[in-house]
Amino acid sequence: MLLPFGRSGPWAKGLLLILALALVLVAGACGEDEEVDNGDGVVTRDPQTPLVIPAGEPIVIGVSAALTGPTESPGRESRNAVMVGIERWKAANGDQIRGHDIEVHAEDDGCYEANVTEFAAKRFLRQKGLVGVIGPMCSEGARVAIPVYADAGVVMISGTLTRTDLT
């Protein structure tokens, strides 16, 4: 199978492995209760509230990557690697996890533009069905996104950070 991201072999394989781990974590989030919606369509998230996807609703996996600007090419490779990984997972395991469709939602995280990454993280937190985020793509953006996800109790996995204090 020809992958859409060219010759990124080892890097792409690592990202696919991270995706597989994320899908295993997702399986535990499916249940019969519902996410907490405060009435205006905003999902309330915190580390103490269990993540439960309502029956019939999709599981959403976020991809935080640079989709524009000077780091657009590797960002699109990251997004595409997740898409290919999910399609491979579906081919091997079926189209659903515990009766839930799997969707990918990508946000442009600006890579090293921390304020753009923080806004992307906050947009993800408004997404119903979000079970976790793959990314951010760059260490500078991750520095501000990690507390946003942690305060909301959302799992974030990045295979591209280089700062040891973040990995």
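All of the points below concern the structure found in this document. Residue indices follow the written sequence of each chain, beginning from 1 at its first position. Since the coordinates come from a predicted model, pLDDT governs what is reported: local features require at least 70, and pairs of side-chain atoms require 80 or more to be given and counted, while whole-chain, interface and lining totals use all residues. Only hydrogens and water are set aside; all other atoms, that is, all heavy atoms of the structure, feed into the side-chain values.

1. Describing the sheet that holds strand β4 (residues 96-97)
In space, the 5 strands of this open sheet follow the order β4-β5-β3-β6-β7, with mixed pairing throughout. Lying at the two open borders of the sheet, with one neighbouring strand each, are β4 and β7 (155-157). Following DSSP output, two strands are said to pair if at least two bridges run between them. Here a strand is any run of E in DSSP of at least two residues, a helix any run of H or I of at least four, and the numbering for each starts at the N terminus. Relative to β7, strand β6 (residues 130-134) runs parallel, the two being bridged by 3 bridges. Pairing of Ile134 across the sheet is with Ile157, part of β7.

2. Regarding unusual backbone geometry
The omega torsion of the bond from Gly135 to Pro136 falls at 0°, within 30 degrees of zero and hence cis. Within the element layout of this structure, Pro136 appears in the loop between β6 and α4 (139-152). Here Arg98, not a glycine, exhibits a phi torsion of approximately 50°, which is positive. At Cys111, a position not held by glycine, the phi torsion is positive, near 60°. In this fold, Cys111 is placed in the loop between β5 (100-108) and α3 (114-125).

3. Describing the packing of α3 against α4
A fitted line through C-alpha atoms represents every axis, and for helices the fit uses only the stretch in contact; the resulting angles, taken between N-to-C directions, go from 0 to 180 degrees. Contact pair α3 / α4: the axes reach a minimum separation of 7 Å and the direction vectors enclose 25°. By the angle between their axes, α3 is roughly parallel relative to α4. Judged by the sense of rotation from one axis to the other, the crossing of α3 with α4 is right-handed. Contacts between α3 and α4 involve Ala114, Thr117, Glu118, Ala121, Lys122, Phe124 and Leu125 on the former and, on the latter, Glu140, Gly141, Ala142, Arg143, Val144, Ala145, Val148, Tyr149 and Ala152. Residues belonging to the contact of α3 with α4 are distributed by class as follows: 10 nonpolar, 2 polar and 4 charged. Working rule for angles: under 35 degrees goes down as roughly parallel, over 145 as roughly antiparallel, 65 to 115 as roughly perpendicular, anything else as oblique. Crossing handedness follows the turn of the near helix against the far one: under a right angle anticlockwise gives a left-handed crossing, and clockwise gives a right-handed one. Contacts are assigned to residue pairs with any non-hydrogen atoms lying within 4.5 Å of each other. Residue classes follow a fixed rule: Ala, Val, Leu, Ile, Met, Phe, Trp, Tyr, Cys and Pro count as nonpolar, while Asp, Glu, Lys and Arg count as charged, and any other residue, Gly among them, counts as polar.

4. With respect to the pairing of β6
Burial here depends on accessible area, computed with a 1.4 Å probe over protein chains only, as a share of the maximum for the residue type. Under 20% is buried, over 50% is exposed, and the range in between is partly exposed. Judged by how many residues are buried, β6 sits mostly within the fold: 5 of 5 residues are covered. The pairing of strand β3 (residues 59-65) with β6 spans 4 bridges and is parallel. Residue pairing across strands places Ile61 opposite Gly132, the latter belonging to β6. Throughout, right-handed denotes a crossover for which the path from the first strand over the helix to the second runs clockwise when the strands point away from the viewer. Between the parallel elements β6 and β7, the chain passes through α4 in a crossover that is right-handed.

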